[in-house]
Amino acid sequence: MGERATAEVVVIGGGVIGCAVAYELARREVTVALVEAATIAAGASGASAGGVRQQGRDPRELPIALRAIRRWPHLAVELSAELHYRQDGNLMLAERPEDVAVLERRVAEERAHGLDVQMIGRAELRELVPGIAPSVLAASWCPSDGYAMPTLVTHAFARAAARLRARILQQTRVIGITLHRDRVAGVTTTRGEISCRWVVNAAGAWSAEIARMIGLSIPLEPWALQMLVTEPMPSRLRPVLGSANRRLSLKQLPGGAYLIGGGWPGRLDLVTRRTRLLPASIAGSARDASAVYPLLERARLVRGWVGIEAVAADGVPILGAAGELEGFVFAGGFSGHGFALAPTIGELIAELITMGRPSLPLDALSPLRFGS
Ligand SMILES: Cc1cc2nc3c(=O)[nH]c(=O)nc-3n(C[C@H](O)[C@H](O)[C@H](O)COP(=O)(O)OP(=O)(O)OC[C@H]3O[C@@H](n4cnc5c(N)ncnc54)[C@H](O)[C@@H]3O)c2cc1C
(Lines give C-alpha, C1' and ligand atoms only; values in the text may rest on other atoms or scores of the structure.)
Protein backbone atom coordinates (compact mmCIF):
# COMPACT_ATOMS: atom_id res chain seq x y z
CA MET A 1 0.00 0.00 0.00
CA GLY A 2 1.36 3.46 -0.89
CA GLU A 3 1.80 6.01 1.85
CA ARG A 4 -1.14 8.08 0.65
CA ALA A 5 -3.62 5.59 -0.77
CA THR A 6 -7.09 6.88 -1.51
CA ALA A 7 -10.50 5.29 -1.95
CA GLU A 8 -13.98 6.70 -1.86
CA VAL A 9 -14.95 4.13 0.77
CA VAL A 10 -12.89 2.14 3.26
CA VAL A 11 -14.66 -0.96 4.57
CA ILE A 12 -13.24 -2.17 7.90
CA GLY A 13 -13.53 -5.95 8.28
CA GLY A 14 -13.28 -8.86 5.85
CA GLY A 15 -16.19 -10.91 7.19
CA VAL A 16 -19.25 -11.74 5.13
CA ILE A 17 -20.72 -8.29 5.80
CA GLY A 18 -17.62 -6.28 4.85
CA CYS A 19 -17.04 -8.41 1.75
CA ALA A 20 -20.70 -8.11 0.63
CA VAL A 21 -20.57 -4.33 1.14
CA ALA A 22 -17.29 -4.06 -0.81
CA TYR A 23 -18.76 -6.13 -3.65
CA GLU A 24 -21.94 -4.06 -3.86
CA LEU A 25 -19.97 -0.81 -3.85
CA ALA A 26 -17.54 -2.07 -6.51
CA ARG A 27 -20.53 -3.13 -8.63
CA ARG A 28 -21.71 0.47 -8.43
CA GLU A 29 -18.27 1.64 -9.63
CA VAL A 30 -17.29 3.10 -6.29
CA THR A 31 -13.56 2.86 -5.50
CA VAL A 32 -13.36 0.79 -2.36
CA ALA A 33 -10.60 -0.58 -0.12
CA LEU A 34 -11.45 -3.37 2.30
CA VAL A 35 -9.10 -3.54 5.28
CA GLU A 36 -8.95 -6.80 7.24
CA ALA A 37 -6.79 -7.20 10.35
CA ALA A 38 -6.27 -10.94 9.81
CA THR A 39 -7.54 -12.83 6.74
CA ILE A 40 -10.87 -12.99 4.92
CA ALA A 41 -13.46 -14.88 7.03
CA ALA A 42 -11.15 -15.05 10.06
CA GLY A 43 -13.92 -13.80 12.38
CA ALA A 44 -17.51 -14.90 13.03
CA SER A 45 -18.03 -15.49 9.30
CA GLY A 46 -15.54 -18.36 9.26
CA ALA A 47 -17.05 -19.90 12.40
CA SER A 48 -20.72 -19.56 11.50
CA ALA A 49 -23.32 -22.32 11.25
CA GLY A 50 -24.38 -20.87 7.89
CA GLY A 51 -28.12 -21.02 8.49
CA VAL A 52 -30.13 -18.97 6.01
CA ARG A 53 -33.27 -18.60 8.07
CA GLN A 54 -36.18 -16.18 7.92
CA GLN A 55 -38.47 -17.68 10.56
CA GLY A 56 -37.91 -16.55 14.11
CA ARG A 57 -36.50 -13.19 13.07
CA ASP A 58 -37.26 -9.98 14.91
CA PRO A 59 -39.95 -8.02 12.98
CA ARG A 60 -37.37 -5.23 12.46
CA GLU A 61 -35.07 -7.52 10.48
CA LEU A 62 -37.64 -9.77 8.82
CA PRO A 63 -37.98 -7.50 5.73
CA ILE A 64 -34.20 -7.82 5.21
CA ALA A 65 -34.37 -11.60 5.59
CA LEU A 66 -37.27 -11.78 3.11
CA ARG A 67 -35.38 -9.69 0.58
CA ALA A 68 -32.21 -11.76 1.07
CA ILE A 69 -34.01 -15.05 0.36
CA ARG A 70 -34.94 -13.82 -3.11
CA ARG A 71 -31.25 -13.33 -3.83
CA TRP A 72 -29.72 -16.43 -2.23
CA PRO A 73 -30.74 -18.97 -4.93
CA HIS A 74 -28.98 -16.86 -7.60
CA LEU A 75 -25.89 -15.87 -5.66
CA ALA A 76 -23.63 -18.75 -6.77
CA VAL A 77 -24.13 -17.84 -10.43
CA GLU A 78 -23.80 -14.13 -9.73
CA LEU A 79 -20.54 -14.59 -7.82
CA SER A 80 -19.27 -17.44 -10.07
CA ALA A 81 -18.57 -19.66 -7.06
CA GLU A 82 -19.81 -22.84 -5.39
CA LEU A 83 -21.53 -21.82 -2.14
CA HIS A 84 -23.15 -25.17 -1.16
CA TYR A 85 -26.46 -23.34 -0.79
CA ARG A 86 -29.39 -25.67 -0.01
CA GLN A 87 -33.00 -24.58 0.31
CA ASP A 88 -34.35 -27.63 2.16
CA GLY A 89 -36.34 -25.72 4.78
CA ASN A 90 -36.11 -25.02 8.49
CA LEU A 91 -38.16 -26.61 11.28
CA MET A 92 -38.58 -24.98 14.68
CA LEU A 93 -39.52 -27.84 17.00
CA ALA A 94 -41.94 -27.70 19.96
CA GLU A 95 -41.85 -30.37 22.66
CA ARG A 96 -44.16 -28.72 25.23
CA PRO A 97 -47.75 -27.49 24.75
CA GLU A 98 -46.70 -23.97 25.79
CA ASP A 99 -44.05 -23.93 23.03
CA VAL A 100 -46.65 -25.00 20.46
CA ALA A 101 -48.73 -21.97 21.48
CA VAL A 102 -45.70 -19.65 21.19
CA LEU A 103 -44.87 -20.97 17.73
CA GLU A 104 -48.50 -20.67 16.60
CA ARG A 105 -48.60 -17.01 17.60
CA ARG A 106 -45.28 -16.33 15.88
CA VAL A 107 -46.32 -18.10 12.69
CA ALA A 108 -49.48 -15.95 12.51
CA GLU A 109 -47.38 -12.77 12.88
CA GLU A 110 -44.81 -13.89 10.31
CA ARG A 111 -47.48 -14.87 7.79
CA ALA A 112 -48.92 -11.37 8.18
CA HIS A 113 -45.47 -10.06 7.16
CA GLY A 114 -45.56 -12.24 4.03
CA LEU A 115 -43.40 -15.17 5.14
CA ASP A 116 -44.39 -18.59 3.83
CA VAL A 117 -44.37 -20.44 7.16
CA GLN A 118 -46.88 -22.84 8.72
CA MET A 119 -47.45 -25.09 11.71
CA ILE A 120 -47.23 -28.80 11.04
CA GLY A 121 -48.24 -31.69 13.30
CA ARG A 122 -46.60 -34.98 14.21
CA ALA A 123 -47.47 -36.93 11.05
CA GLU A 124 -46.16 -34.36 8.58
CA LEU A 125 -43.11 -33.72 10.75
CA ARG A 126 -42.22 -37.43 10.73
CA GLU A 127 -42.49 -37.48 6.96
CA LEU A 128 -40.02 -34.59 6.71
CA VAL A 129 -37.70 -35.97 9.41
CA PRO A 130 -38.19 -39.73 9.94
CA GLY A 131 -35.66 -39.77 12.81
CA ILE A 132 -37.36 -37.10 14.92
CA ALA A 133 -37.88 -37.92 18.63
CA PRO A 134 -41.39 -38.95 19.77
CA SER A 135 -41.28 -36.07 22.30
CA VAL A 136 -41.62 -33.50 19.50
CA LEU A 137 -45.27 -32.44 19.31
CA ALA A 138 -45.31 -29.99 16.40
CA ALA A 139 -43.11 -27.56 14.48
CA SER A 140 -43.21 -24.37 12.49
CA TRP A 141 -42.03 -25.13 8.97
CA CYS A 142 -40.47 -22.62 6.60
CA PRO A 143 -39.67 -24.43 3.34
CA SER A 144 -37.72 -21.55 1.76
CA ASP A 145 -35.11 -21.48 4.57
CA GLY A 146 -31.84 -23.38 4.26
CA TYR A 147 -28.10 -22.96 4.65
CA ALA A 148 -24.83 -22.33 2.80
CA MET A 149 -21.11 -22.61 3.60
CA PRO A 150 -20.04 -19.37 5.27
CA THR A 151 -16.35 -19.44 4.33
CA LEU A 152 -17.19 -20.13 0.67
CA VAL A 153 -19.71 -17.28 0.61
CA THR A 154 -17.39 -14.79 2.30
CA HIS A 155 -14.47 -15.59 -0.02
CA ALA A 156 -16.80 -15.51 -3.04
CA PHE A 157 -17.92 -11.96 -2.18
CA ALA A 158 -14.29 -10.91 -1.63
CA ARG A 159 -13.12 -12.40 -4.92
CA ALA A 160 -16.04 -10.90 -6.85
CA ALA A 161 -15.28 -7.50 -5.29
CA ALA A 162 -11.59 -7.85 -6.25
CA ARG A 163 -12.56 -8.71 -9.86
CA LEU A 164 -14.44 -5.40 -9.89
CA ARG A 165 -11.26 -3.65 -8.72
CA ALA A 166 -11.96 -3.40 -5.01
CA ARG A 167 -8.64 -3.46 -3.08
CA ILE A 168 -8.60 -6.20 -0.47
CA LEU A 169 -5.92 -5.58 2.16
CA GLN A 170 -5.40 -8.48 4.56
CA GLN A 171 -3.13 -8.54 7.64
CA THR A 172 -3.81 -4.81 7.90
CA ARG A 173 -5.45 -3.40 11.02
CA VAL A 174 -7.28 -0.09 11.26
CA ILE A 175 -5.87 1.76 14.26
CA GLY A 176 -7.40 5.20 13.81
CA ILE A 177 -9.95 7.25 11.92
CA THR A 178 -9.16 10.77 10.71
CA LEU A 179 -11.86 13.42 10.72
CA HIS A 180 -11.97 16.75 8.96
CA ARG A 181 -14.51 19.05 10.61
CA ASP A 182 -17.70 16.95 10.79
CA ARG A 183 -16.73 14.40 8.12
CA VAL A 184 -14.65 11.25 7.85
CA ALA A 185 -11.39 11.99 5.98
CA GLY A 186 -9.44 8.74 6.21
CA VAL A 187 -8.21 5.79 8.22
CA THR A 188 -4.84 4.98 9.72
CA THR A 189 -3.81 1.36 9.34
CA THR A 190 -0.80 -0.66 10.43
CA ARG A 191 0.44 -0.29 6.82
CA GLY A 192 -0.20 3.40 6.25
CA GLU A 193 -2.94 5.97 5.71
CA ILE A 194 -5.90 5.73 3.36
CA SER A 195 -7.80 8.94 2.56
CA CYS A 196 -11.52 8.38 2.04
CA ARG A 197 -14.89 10.07 2.31
CA TRP A 198 -16.70 7.11 3.84
CA VAL A 199 -15.88 4.43 6.37
CA VAL A 200 -18.07 1.34 6.77
CA ASN A 201 -17.54 -0.23 10.16
CA ALA A 202 -17.99 -3.97 9.57
CA ALA A 203 -15.49 -5.08 12.20
CA GLY A 204 -17.87 -7.60 13.77
CA ALA A 205 -17.25 -8.26 17.47
CA TRP A 206 -14.68 -5.44 17.49
CA SER A 207 -16.88 -2.81 15.81
CA ALA A 208 -17.61 -1.09 19.14
CA GLU A 209 -13.84 -0.55 19.42
CA ILE A 210 -13.81 1.07 15.95
CA ALA A 211 -16.75 3.28 16.96
CA ARG A 212 -14.85 4.39 20.07
CA MET A 213 -12.09 5.73 17.79
CA ILE A 214 -14.50 8.54 16.89
CA GLY A 215 -16.00 8.86 20.36
CA LEU A 216 -19.14 6.78 19.73
CA SER A 217 -20.34 4.34 22.32
CA ILE A 218 -22.28 1.42 20.80
CA PRO A 219 -23.88 -1.13 23.15
CA LEU A 220 -22.68 -4.43 21.77
CA GLU A 221 -20.68 -7.24 23.29
CA PRO A 222 -18.49 -10.00 21.87
CA TRP A 223 -20.06 -13.39 22.61
CA ALA A 224 -18.20 -16.67 22.19
CA LEU A 225 -20.44 -19.29 20.55
CA GLN A 226 -19.69 -22.97 20.11
CA MET A 227 -20.09 -25.26 17.08
CA LEU A 228 -19.64 -29.07 17.01
CA VAL A 229 -19.21 -31.51 14.13
CA THR A 230 -19.87 -35.25 14.16
CA GLU A 231 -18.21 -37.95 12.10
CA PRO A 232 -19.87 -38.45 8.69
CA MET A 233 -23.04 -40.55 8.85
CA PRO A 234 -25.46 -41.84 6.20
CA SER A 235 -27.49 -39.08 4.61
CA ARG A 236 -30.83 -38.76 6.50
CA LEU A 237 -31.64 -35.15 7.42
CA ARG A 238 -32.52 -32.49 4.87
CA PRO A 239 -34.12 -29.54 6.72
CA VAL A 240 -32.29 -27.55 9.38
CA LEU A 241 -33.68 -28.17 12.89
CA GLY A 242 -34.09 -25.50 15.55
CA SER A 243 -35.99 -25.65 18.81
CA ALA A 244 -38.41 -23.43 20.70
CA ASN A 245 -36.97 -24.39 24.08
CA ARG A 246 -33.44 -25.63 23.45
CA ARG A 247 -30.24 -23.94 22.26
CA LEU A 248 -30.13 -25.86 19.01
CA SER A 249 -29.39 -25.59 15.33
CA LEU A 250 -28.78 -28.92 13.64
CA LYS A 251 -28.06 -29.73 10.03
CA GLN A 252 -26.47 -32.55 8.07
CA LEU A 253 -23.78 -31.29 5.72
CA PRO A 254 -23.30 -32.57 2.16
CA GLY A 255 -20.49 -34.97 3.28
CA GLY A 256 -22.75 -36.57 5.93
CA ALA A 257 -21.37 -34.90 9.08
CA TYR A 258 -23.87 -33.21 11.41
CA LEU A 259 -23.18 -29.59 12.38
CA ILE A 260 -24.52 -28.72 15.83
CA GLY A 261 -24.83 -25.17 17.14
CA GLY A 262 -27.53 -22.96 18.55
CA GLY A 263 -25.86 -20.64 21.01
CA TRP A 264 -23.97 -22.76 23.57
CA PRO A 265 -21.22 -20.53 24.98
CA GLY A 266 -17.46 -20.98 24.69
CA ARG A 267 -14.87 -19.07 26.69
CA LEU A 268 -13.39 -15.81 25.40
CA ASP A 269 -10.30 -14.12 26.79
CA LEU A 270 -10.93 -10.47 25.97
CA VAL A 271 -7.25 -9.55 26.27
CA THR A 272 -5.73 -12.19 23.98
CA ARG A 273 -9.01 -12.68 22.02
CA ARG A 274 -8.38 -16.41 22.24
CA THR A 275 -11.34 -18.75 22.60
CA ARG A 276 -11.77 -22.17 24.18
CA LEU A 277 -14.41 -24.90 24.09
CA LEU A 278 -16.15 -25.57 27.42
CA PRO A 279 -16.77 -29.22 28.39
CA ALA A 280 -20.17 -28.34 29.90
CA SER A 281 -21.27 -26.70 26.63
CA ILE A 282 -20.07 -29.64 24.56
CA ALA A 283 -22.10 -32.00 26.74
CA GLY A 284 -25.14 -29.70 26.81
CA SER A 285 -25.19 -29.15 23.07
CA ALA A 286 -24.78 -32.88 22.29
CA ARG A 287 -27.57 -33.66 24.79
CA ASP A 288 -29.97 -31.13 23.23
CA ALA A 289 -29.28 -32.41 19.71
CA SER A 290 -29.82 -36.08 20.59
CA ALA A 291 -32.95 -35.28 22.62
CA VAL A 292 -34.79 -34.21 19.45
CA TYR A 293 -32.84 -36.37 16.99
CA PRO A 294 -31.91 -39.62 18.81
CA LEU A 295 -29.79 -40.93 15.93
CA LEU A 296 -27.07 -38.61 17.25
CA GLU A 297 -26.78 -40.55 20.52
CA ARG A 298 -24.43 -42.89 18.64
CA ALA A 299 -22.54 -40.14 16.79
CA ARG A 300 -18.93 -39.40 17.58
CA LEU A 301 -17.96 -35.74 17.83
CA VAL A 302 -14.83 -35.11 15.79
CA ARG A 303 -14.40 -31.35 15.89
CA GLY A 304 -15.51 -28.21 17.63
CA TRP A 305 -14.71 -24.51 17.59
CA VAL A 306 -15.77 -21.23 19.09
CA GLY A 307 -16.61 -18.13 17.04
CA ILE A 308 -16.93 -14.57 18.34
CA GLU A 309 -20.14 -12.80 17.42
CA ALA A 310 -21.14 -9.17 18.03
CA VAL A 311 -24.34 -9.18 20.05
CA ALA A 312 -26.27 -5.90 20.29
CA ALA A 313 -27.97 -4.86 23.53
CA ASP A 314 -31.40 -5.57 21.98
CA GLY A 315 -30.32 -8.56 19.88
CA VAL A 316 -30.83 -7.09 16.40
CA PRO A 317 -28.32 -5.64 13.92
CA ILE A 318 -27.09 -2.05 14.11
CA LEU A 319 -27.14 -0.45 10.67
CA GLY A 320 -26.72 2.99 9.20
CA ALA A 321 -25.16 6.39 9.71
CA ALA A 322 -24.02 7.32 13.17
CA GLY A 323 -25.32 10.70 14.18
CA GLU A 324 -23.85 14.05 13.21
CA LEU A 325 -20.65 12.73 11.74
CA GLU A 326 -20.80 12.50 7.94
CA GLY A 327 -19.37 9.47 6.23
CA PHE A 328 -19.35 6.94 9.09
CA VAL A 329 -21.67 3.98 8.53
CA PHE A 330 -22.21 1.19 11.01
CA ALA A 331 -22.90 -2.40 9.88
CA GLY A 332 -22.48 -4.57 12.95
CA GLY A 333 -24.10 -6.15 15.99
CA PHE A 334 -25.56 -8.98 13.92
CA SER A 335 -26.38 -10.98 17.05
CA GLY A 336 -26.22 -14.39 15.38
CA HIS A 337 -28.15 -13.47 12.22
CA GLY A 338 -25.62 -11.77 9.96
CA PHE A 339 -24.85 -14.57 7.55
CA ALA A 340 -28.39 -15.01 6.25
CA LEU A 341 -28.85 -11.26 5.86
CA ALA A 342 -25.47 -10.46 4.27
CA PRO A 343 -26.45 -10.26 0.57
CA THR A 344 -29.10 -7.65 1.35
CA ILE A 345 -27.03 -5.80 3.95
CA GLY A 346 -24.38 -5.30 1.25
CA GLU A 347 -26.97 -3.79 -1.08
CA LEU A 348 -28.57 -1.55 1.52
CA ILE A 349 -25.28 -0.11 2.78
CA ALA A 350 -24.10 0.50 -0.81
CA GLU A 351 -27.41 2.28 -1.58
CA LEU A 352 -27.11 4.39 1.55
CA ILE A 353 -23.67 5.57 0.42
CA THR A 354 -24.36 6.04 -3.29
CA MET A 355 -27.98 7.24 -3.23
CA GLY A 356 -28.36 8.80 0.21
CA ARG A 357 -30.91 6.25 1.34
CA PRO A 358 -31.42 2.50 1.20
CA SER A 359 -34.31 0.82 -0.63
CA LEU A 360 -35.54 -0.67 2.67
CA PRO A 361 -35.85 1.69 5.62
CA LEU A 362 -33.22 1.06 8.28
CA ASP A 363 -34.44 3.57 10.88
CA ALA A 364 -35.54 0.88 13.35
CA LEU A 365 -32.03 -0.62 13.21
CA SER A 366 -30.15 2.68 13.40
CA PRO A 367 -27.32 3.10 15.93
CA LEU A 368 -29.30 6.12 17.14
CA ARG A 369 -31.98 3.87 18.68
CA PHE A 370 -29.75 3.55 21.73
CA GLY A 371 -29.58 7.31 22.28
CA SER A 372 -26.74 9.66 21.39
C1 LIG B 1 -20.81 -20.00 16.03
C2 LIG B 1 -21.65 -19.05 15.21
C3 LIG B 1 -22.77 -19.55 14.52
C4 LIG B 1 -23.53 -18.68 13.73
N5 LIG B 1 -24.58 -19.18 13.02
C6 LIG B 1 -25.29 -18.37 12.19
C7 LIG B 1 -26.32 -18.89 11.36
O8 LIG B 1 -26.61 -20.08 11.37
N9 LIG B 1 -26.97 -18.03 10.53
C10 LIG B 1 -26.69 -16.70 10.50
O11 LIG B 1 -27.31 -15.96 9.75
N12 LIG B 1 -25.70 -16.18 11.28
C13 LIG B 1 -25.01 -16.99 12.10
N14 LIG B 1 -24.01 -16.48 12.88
C15 LIG B 1 -23.77 -15.06 12.81
C16 LIG B 1 -22.98 -14.68 11.59
O17 LIG B 1 -21.98 -15.63 11.33
C18 LIG B 1 -22.39 -13.30 11.82
O19 LIG B 1 -23.45 -12.41 12.13
C20 LIG B 1 -21.65 -12.79 10.62
O21 LIG B 1 -20.69 -13.71 10.19
C22 LIG B 1 -21.01 -11.46 10.99
O23 LIG B 1 -20.20 -11.07 9.93
P24 LIG B 1 -19.32 -9.77 10.06
O25 LIG B 1 -18.69 -9.56 8.74
O26 LIG B 1 -20.14 -8.67 10.65
O27 LIG B 1 -18.25 -10.11 11.22
P28 LIG B 1 -16.94 -11.01 11.17
O29 LIG B 1 -17.05 -12.18 10.30
O30 LIG B 1 -16.55 -11.23 12.60
O31 LIG B 1 -15.88 -10.05 10.47
C32 LIG B 1 -15.33 -8.93 11.12
C33 LIG B 1 -13.87 -8.82 10.67
O34 LIG B 1 -13.37 -7.58 11.11
C35 LIG B 1 -12.00 -7.75 11.34
N36 LIG B 1 -11.52 -6.66 12.19
C37 LIG B 1 -11.79 -6.43 13.50
N38 LIG B 1 -11.16 -5.31 13.92
C39 LIG B 1 -10.48 -4.82 12.85
C40 LIG B 1 -9.64 -3.70 12.66
N41 LIG B 1 -9.37 -2.83 13.66
N42 LIG B 1 -9.10 -3.49 11.42
C43 LIG B 1 -9.37 -4.34 10.40
N44 LIG B 1 -10.16 -5.44 10.54
C45 LIG B 1 -10.71 -5.66 11.75
C46 LIG B 1 -11.91 -9.12 12.01
O47 LIG B 1 -10.61 -9.68 11.88
C48 LIG B 1 -12.98 -9.90 11.26
O49 LIG B 1 -12.45 -10.69 10.21
C50 LIG B 1 -23.22 -17.30 13.67
C51 LIG B 1 -22.12 -16.81 14.38
C52 LIG B 1 -21.33 -17.68 15.13
C53 LIG B 1 -20.13 -17.14 15.86
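Residues numbered from 1 in each chain as written. Predicted model: local features only at pLDDT ≥ 70, side-chain atom pairs only at ≥ 80, totals over all residues.

### Some thoughts on the overall build of the chain
Right, so step 1: Broken down by element type, the chain carries nine helices and 22 strands.
Right, so step 2: Expected size for 372 residues packed as a compact globule is a radius of gyration near 21 Å; at 21 Å, the chain falls within 12% of this value.
Right, so step 3: Principal axes of the C-alpha set define a box for the chain whose edges measure 65 × 40 × 40 Å.
Right, so step 4: Intrachain contacts of the chain at a sequence separation of at least 6 include 72% that bridge at least 24 residues. (Helix = DSSP H or I, 4+ residues; strand = E, 2+ residues; numbered from the N terminus. Rg over C-alpha atoms; globule rule 2.2 N^0.38 Å. Contact = placed C-beta atoms within 7 Å.)

### Topic: the site of the ligand
Right, so step 1: Around the ligand, a shell composed of 41 residues is seen, among which Gly15, Gly43, Gly204, Gly307 and Gly338 lie nearest.
Right, so step 2: A per-class count over the shell around the ligand returns 21 nonpolar, 17 polar and three charged.
Right, so step 3: When residues of the shell around the ligand are assigned to domains, at least three map to each of domain 1 (4-50 + 151-219 + 314-370) and domain 2 (90-143 + 221-312). (Near = placed C-beta within 6 Å. Nonpolar A, V, L, I, M, F, W, Y, C, P; charged D, E, K, R; others polar. Domains from an automatic or database assignment.)

### Examining the packing of helix α1 (residues 16-27) against helix α6 (residues 150-163)
Right, so step 1: Orientation of α1 relative to α6, taken along the N-to-C sense of each, is 30°, at an axis distance of 8 Å. Looking at the two axes, α1 sits roughly parallel to α6. For the element pair α1 and α6, the recorded crossing hand is left-handed. Between α1, through Val16, Cys19, Ala20, Ala22, Tyr23 and Ala26, and α6, the contact on the second element is made entirely by Pro150, Val153, Thr154, Phe157, Ala158, Ala160 and Ala161.
Right, so step 2: By residue class, the composition of the contact of α1 with α6 is twelve nonpolar, one polar and no charged. (Axes fitted to C-alpha atoms, helices over the stretch in contact; angles between N-to-C directions. Parallel < 35°, antiparallel > 145°, perpendicular 65-115°, else oblique. Left-handed = near helix turned anticlockwise from the far one by under 90°.)

### Let's talk about the nonpolar core
Right, so step 1: With 119 residues, the main nonpolar core has Val10, Val21, Ala22, Leu34, Phe157, Ala161 and Val200 as its most contacted residues.
Right, so step 2: Considering every element that reaches this core, the biggest residue donor is helix α9 (residues 338-355), with ten residues.
Right, so step 3: Residues from two domains meet in this core; each of domain 1 (4-50 + 151-219 + 314-370) and domain 2 (90-143 + 221-312) gives at least three.
Right, so step 4: Not counting residues up to four positions away in its chain, the partners in contact with Val200 are Val9, Val11, Ile12, Val21, Val329, Ala331 and Ile349. (Core = buried A, V, L, I, M, F, W, Y, C linked by C-beta atoms within 7 Å. Buried ≥ 20, exposed ≤ 12 C-beta atoms within 10 Å, placed from the backbone.)

### Concerning the sheet that holds strand β10 (residues 174-180)
Right, so step 1: The four strands are arranged β1-β12-β11-β10 in an open sheet whose pairing can be described as mixed. In this open sheet, the two strands that pair with only one neighbour each are β1 (4-6) and β10. This sheet shows a mean twist of 30° between the axes of neighbouring strands, independent of strand direction.
Right, so step 2: As paired elements, strand β11 (residues 183-189) and strand β12 (residues 192-195) share four bridges and run antiparallel to each other. Bridging across to β12, Gly186 finds its partner in Ser195. (Pairing = 2+ DSSP bridges.)

### Looking at the domain arrangement of the chain
Right, so step 1: According to the domain assignment, the chain consists of domain 1 (4-50 + 151-219 + 314-370) and domain 2 (90-143 + 221-312).
Right, so step 2: A C-alpha centroid distance of 30 Å is found between domain 1 and domain 2.
Right, so step 3: The partner domain 2 presents 13 residues to the 19 residues of domain 1 that form the contact.
Right, so step 4: Across the side of domain 1 that touches domain 2, the residue classes tally to nine nonpolar, nine polar and one charged.

### Some details on the pairing of β12
Right, so step 1: Here β1 runs beside β12; their pairing, made up of three bridges, is parallel. Of the residues in β12, the one forming a bridge with Arg4 is Glu193.
Right, so step 2: What sits between β11 and β12 in their antiparallel hairpin is a turn of two residues.

### Digging into the sheet that holds strand β2 (residues 9-12)
Right, so step 1: Here six strands make up an open sheet; going across it, the order is β9-β3-β2-β13-β22-β21 and the pairing mixed. Among the strands making up the open sheet, the edge pair consists of β9 (167-169) and β21 (318-321). Each strand axis lies, on average, 15° off the axis of its neighbour in the sheet, ignoring direction.
Right, so step 2: Inspection of the sheet shows β2 paired to strand β3 (residues 32-35) by four bridges, in the parallel sense. Opposite Val11, over in β3, you have Leu34 as the bridge partner.

### Quick notes on helix α8 (residues 279-292)
Right, so step 1: Here α8 is 14 residues long and its end C-alpha atoms lie 21 Å apart, about the 20 Å a rise of 1.5 Å per residue gives.
Right, so step 2: Of all the positions in α8, only Ser281, Ser285, Asp288, Ala289 and Val292 are classed as buried. Angularly, the buried residues of α8 cover 95° about the axis, an arc narrow enough to put them on a single face. Away from its buried face, by an angle of more than 90 degrees, α8 presents the exposed residues Pro279, Ala280, Ala283 and Arg287.
Right, so step 3: Lining the buried residues of α8 we find β5 (90-94), β14 (220-230), β15 (240-243), β16 (249-252) and β17 (258-261). (Expected span 1.5 Å × (residues − 1). Arc of directions from axis to C-beta.)

### Focus on helix α4 (residues 97-112)
Right, so step 1: Taking 1.5 Å per residue, 16 residues should reach 22 Å; α4 reaches 23 Å between its end C-alpha atoms and fits that length.
Right, so step 2: Taken together, the buried positions of α4 are occupied by Asp99, Leu103 and Glu110. In a view along the axis of α4, the buried residues occupy a sector of 35°, so they form one face of it. In α4, those exposed residues whose orientation departs by more than 90 degrees from the buried face are Pro97, Glu98, Ala101, Arg105, Ala108, Glu109 and Ala112.
Right, so step 3: Buried residues along α4 sit in contact with β5, β6 (118-120) and β7 (138-142).
Right, so step 4: Positioned one or two residues after α4, Gly114 has a phi angle of 100°, which is positive.

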